[in-house]
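Tertiary structure, described
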Amino acid sequence: MNEQLHLILDKLYLILPEIWLFAGVCVVAVMGLSPMRRVREAVPMVVVGFLLASMWVIGRVYSSHEHLDAANLLMPKLGQFVKLIVVIIGILMVMLSTGLIDRRFESSVKSGRISFEPLRANQGEYFAFMLLSLMGVMLLCNSNDLIWMFLALELTSLPTYIMVAMSRPTRRAQEAAVKYFFLGAMASAIFLYGFALLYGATGTLVLTEMRAVFEHQAASGGISTFGIIGMVLAILGIAFKIAAAPMHFYAADVYEGAASPVTAFLAFVPKTAGMVALILLLSTMGWLSGQELPAEIKTTLWMLSVLTMTLGNVGALWQKSIKRMLAYSSIAHSGYMLIGIIAGPGLGVNAVLFYLLAYGVMNTAAFAVLSGLERAGEEVESLEDLAGLRARHPGMAMVLALASGSLLGVPPLLGFWGKLYLFIAGVSAHHIPLVVIAGLNSAVSAWYYLRIVGLPILAKPSAQSETITNGPSVWPRVAGVVTAVGVVALPLFCQTLFKASEGVTHVNGTAIRSAAADTP
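None of the values given here were measured: they were computed from a predicted structure.

Scoring rules and cut-offs
The residue numbers shown here count from 1 along each chain, following its written sequence. Restriction of local features to residues with pLDDT of at least 70 applies here, the model being predicted, together with a cutoff of 80 or more for giving and counting side-chain atom pairs; totals for whole chains, interfaces and linings are based on all residues. In computing side-chain values, all of the structure's heavy atoms are included and hydrogens and water are not. The secondary structure listing takes helices from DSSP runs of H or I that are at least 4 residues long and strands from runs of E that are at least 2 residues long, numbered from the N terminus. Only C-alpha atoms enter the radius of gyration; for comparison, a globular chain is expected to reach 2.2 Å times N to the power 0.38, where N is the number of residues. Here, two residues are considered to be in contact whenever any of their heavy atoms come within 4.5 Å of each other. For the accessible areas, the method is Shrake-Rupley and the probe is 1.4 Å, while residue cover comes only from the protein chains on display. Counted charges follow a simple rule, with Lys and Arg positive, Asp and Glu negative, and His plus the chain ends left uncounted. One atom stands in for each charge, and that atom is NZ of Lys, CZ of Arg, CG of Asp or CD of Glu. Two strands qualify as a pair provided that DSSP identifies no fewer than 2 bridges between them. The term salt bridge refers to a pairing of a side-chain nitrogen on Lys or Arg with a carboxyl oxygen on Asp or Glu at a separation within 4 Å. Relative accessible area decides the class of each residue, using a 1.4 Å probe on protein chains only: under 20% of the type maximum gives buried, over 50% gives exposed, and in between gives partly exposed. A residue counts toward a patch only above 30% relative accessible area and without a salt bridge, and it is joined to like-charged neighbours within 9 Å or, for Val, Leu, Ile, Met, Phe, Trp and Tyr, to nonpolar neighbours within 5 Å. One less than the number of residues in a helix, times 1.5 Å, gives the span that helix is expected to have. Axis definition: a line fitted to C-alpha atoms, over the contacting stretch in the case of helices. Angles run 0 to 180 degrees between N-to-C directions. Crossings are assigned a handedness: left-handed for a near helix turned anticlockwise from the far helix by less than a right angle, right-handed for a clockwise turn. The cut-offs work like this: below 35 degrees is roughly parallel, past 145 is roughly antiparallel, 65 to 115 is roughly perpendicular, and the gaps in between are oblique. Here the nonpolar group is Ala, Val, Leu, Ile, Met, Phe, Trp, Tyr, Cys and Pro; Asp, Glu, Lys and Arg are the charged ones; every other residue, Gly included, is treated as polar. Two N or O atoms count as a polar contact when they lie within 3.5 Å, although within protein this holds only if one can serve as hydrogen donor and the other as acceptor, and sequence-adjacent residues are included solely when both atoms are side-chain atoms. What pLDDT expresses is the predictor's confidence in each residue, scored from 0 to 100. A pair of Phe, Tyr and Trp rings is counted when the ring centres sit within 6.5 Å of each other, with Trp represented by its six-membered ring. The angle between the planes then sorts it: under 30 degrees is stacked, over 60 is edge-to-face, the rest tilted.

A few words on the overall build of the chain. Within the chain, the secondary structure is distributed over 22 helices and 5 strands. For the chain, the C-alpha radius of gyration of 22 Å lies close to 24 Å, the compact-globule estimate for 520 residues. Its C-alpha atoms put the chain at 70 × 55 × 40 Å along the principal axes. Put simply, 81% of the contacts in the chain that link residues at least 6 apart link residues at least 24 apart. In the form shown here, the chain has an accessible surface area of approximately 19,900 Å², with 67% of it arising from carbon and sulfur atoms. With 32 positive and 28 negative side-chain charges, the chain shows a spacing of 10 Å between the two charge centroids.

So, in structure tokens, the structure goes:
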């Protein structure tokens, strides 16, 4: 009884950052209903305060090795890097969303045309849902059974459906939310069915026990058919979270329908959750004592990676909407990250975690420009809106150029180093054809990324771009400048950041490696 109580307390200690964020959810939800305008306007600042406090708690929690060892997690140190990334990018997302929700309503209340009605106020709820989604990713790092993993994945996704619907008062946003919800429900059913087969193949829901069963099966002649099928279905379901083919079709419509700050959120947070889930699941079946993943699983991941990066880049070539173009770009980047997943723990998984940080920074920089500017009170969406942006908004033009160059992988920007680590991991794991395909895809992406770089700086201003004005809040543009500086400055600390991601694939203090790491 005492041992069980100690185990519960150890696990509660590890989720103190999430508990702190849940307290923030309650506070901002109530603040958003306050009749005092100053209290409602302080909601974004309070959210940032809770995120900063959670960051401090993360440092304290993961400095205690006693609680980490006692919690019996498959990868106890995974959250040390991932949670910090999520909190840092979460703060930037709050900056992008400041001034987005209840803009017209608050303006009418301020002018005295209408009185404040709590039922019409949505800002507190919006930021509460944002915190809940961030909590889902952080909780996923502490999952040690399939039930916890499923609930954490759904906690990440469910708030985003509502955020899409409430981000813009347009029919397009409502349609995007409905499409996103129903396709998300289908994906959840697929990976939940995969979880059921994994349970049937191993007789346990606990990841550490599942790993031991699969290790025994692999040593006794091969992993069971149910286990293979269950893992393939789980991978396909999680592919929806990371917008990987063939579960990527929703991305362009949903990203275009949602407001730019929400689109930026969708491009990073569910993708991070999906990658963490893949790392945890695959570590139960492969990467054991120098063993490779089963051939069926590796083939599935290979096909997903090639299809995802190819369809993403080819789809982006035909887009005239900047948001749809960035949506297909997001799809392609999932394909690149799958190279690290295929390469396995050690260099591969570390490269994925580093790339998540790099992608979060440069993706946020691109969407910060779209969030900080507007035309006639509406979002900047078409490529024509960006032509000659330097004439009236030189700072935002430079931010967009740096973000696009980094997404392309132009040296020495941050995105170049992220891709370089992934490619090195692929070569080290002897997946040279996959790296060659990724290199060719990067060359294809140069067509549309260089267009985004050139339009704001080199093109002549168009009639549409002449009417572009700053948005009502300065914070999205501040976030753009901060992330642009990060794109340029963070490469100076690449080695330090990459080393910070090392050790996350340690199981009970021992590093697990793919078989490729041991082959000459």
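Bringing the sheet that holds strand 2 (residues 378–379) into the picture now. Pairing within the open sheet is antiparallel, and its 3 strands lie in the order 2-1-3. Each of the sheet's edge strands pairs with one partner strand only, and the pair in question is strand 2 and strand 3 (468–470). With 3 bridges connecting them, strand 1 (residues 373–375) and strand 3 associate as antiparallel partners. Following the sheet pairing, Arg375 is matched in strand 3 by Ile468.

Let us now look at the pattern of salt bridges. What the rule picks out here adds up to 14 salt bridges. A salt bridge links Arg40 to Glu106, with the shortest nitrogen-to-oxygen separation between them at 2.8 Å. One end of the pair, Arg40, is in helix 3 (residues 37–41); the other, Glu106, is in helix 7 (residues 103–111), with 66 residues separating them in the sequence. The residue Arg172 makes a salt bridge to Glu381 at a minimum N-O spacing of 3.2 Å. Of this pair, Arg172 sits in helix 10 (residues 171–202) while Glu381 is found in the loop between strand 2 and helix 18 (394–408), placing the two residues 209 residues apart along the sequence. You can call Arg172 partly exposed: its relative accessible area is 40%. Classification of Glu381 by relative accessible area gives buried; the value is 15%. Taken together, the salt bridges that share partners define one network made up of Arg168, Arg172, Lys323, Glu379 and Glu381.

By the element assignment, Trp475 lies in helix 21 (residues 475–489). Measuring from C-alpha to C-alpha, the distance between Trp475 and Glu117 comes to 26 Å, with 358 residues separating the pair along the chain. Excluding its chain neighbours within four sequence positions, the residues that come into contact with Trp475 are Met95 and Thr98.

All right, on to unusual backbone geometry then. The amide bond that connects Ala245 to the next residue, Pro246, takes the cis arrangement and shows omega of 5°. Structurally, Pro246 can be placed in the loop between helix 12 (225–241) and helix 13 (250–257). Here the amide bond leading from Pro411 into Pro412 is cis, since omega sits at 5°, within 30 degrees of zero. Structurally, the position occupied by Pro412 is in the loop between helix 18 and helix 19 (414–428).

This part covers a nonpolar patch on the surface. Together, Leu5, Ile8, Leu9, Leu12, Leu16 and Ile19 give the surface a local cluster of nonpolar side chains, amounting to about 490 Å² of exposed area. When contributions to the nonpolar patch are tallied by element, the ones reaching two or more residues are helix 1 (2–14) and helix 2 (16–31). In this fold, Ile19 is placed in helix 2. By relative accessible area, Ile19 is classed as partly exposed at 40%.

Taking 1.5 Å per residue, 23 residues should reach 33 Å; helix 15 (residues 295–317) reaches 33 Å between its end C-alpha atoms and fits that length. Inspection of helix 15 places Ile297, Lys298, Thr300, Leu301, Leu304, Ser305, Thr308, Met309, Gly312, Asn313, Gly315 and Ala316 among the buried residues, and these make up the whole buried set. Of the surrounding secondary structure, the elements contacted by the buried residues of helix 15 are helix 12, helix 14 (260–285), helix 16 (322–343) and helix 20 (432–458).

Let us now look at the packing of helix 17 (residues 347–372) against helix 18. The angle between the axes and the distance between the axes are what describe a pair of packed helices. Close contact between helix 17 and helix 18 brings their axes to 8 Å; oriented N to C, the two are set at 145°. Considering the relative orientation of helix 17 and helix 18, their crossing is left-handed. Note on element contacts: helix 18 touches helix 17 through Met396, Val399, Leu400, Ala403, Ser406 and Leu407, opposite Tyr359, Met362, Ala365, Ala366 and Val369.

Turning next to the packing of helix 13 against helix 16. At a closest axis distance of 8 Å, the pairing of helix 13 and helix 16 adopts a crossing angle of 135°. The angle between helix 13 and helix 16 falls in the class oblique. You can see that helix 13 and helix 16 cross each other, and the crossing is right-handed. Residues Ala251, Ala252, Asp253, Tyr255 and Glu256 of helix 13 pack against Lys323, Arg324, Ala327, Tyr328, Ser330 and Ile331 of helix 16. Residues belonging to the contact of helix 13 with helix 16 are distributed by class as follows: 6 nonpolar, 1 polar and 4 charged.

Locating His393 in the fold gives a position in the loop between strand 2 and helix 18. The buried category is assigned to His393, whose relative accessible area is 9%. Side-chain polar atoms of His393 contact the backbone oxygen of Ile468, separated by 3.0 Å. Aside from chain neighbours lying at most four places away, what touches His393 is Leu373, Ile468, Thr469 and Asn470.

The next subject is the confidence of the model for the chain. Confidence in the prediction for the chain averages 88 pLDDT; 93% of positions are at 70 or higher. Within the model, the stretch residues 513–520 combines pLDDT values under 50 with 22 contacts to residues more than four positions away or in other chains.

What the rule picks out here adds up to 16 aromatic pairs. With 4.8 Å between their ring centres and 90° between their planes, Tyr161 and Tyr180 make a pair best called edge-to-face. Here Tyr161 is found in helix 9 (residues 146–167), whereas its partner Tyr180 is found in helix 10, with 19 residues between them in sequence. A relative accessible area of 6% places Tyr161 in the buried class.

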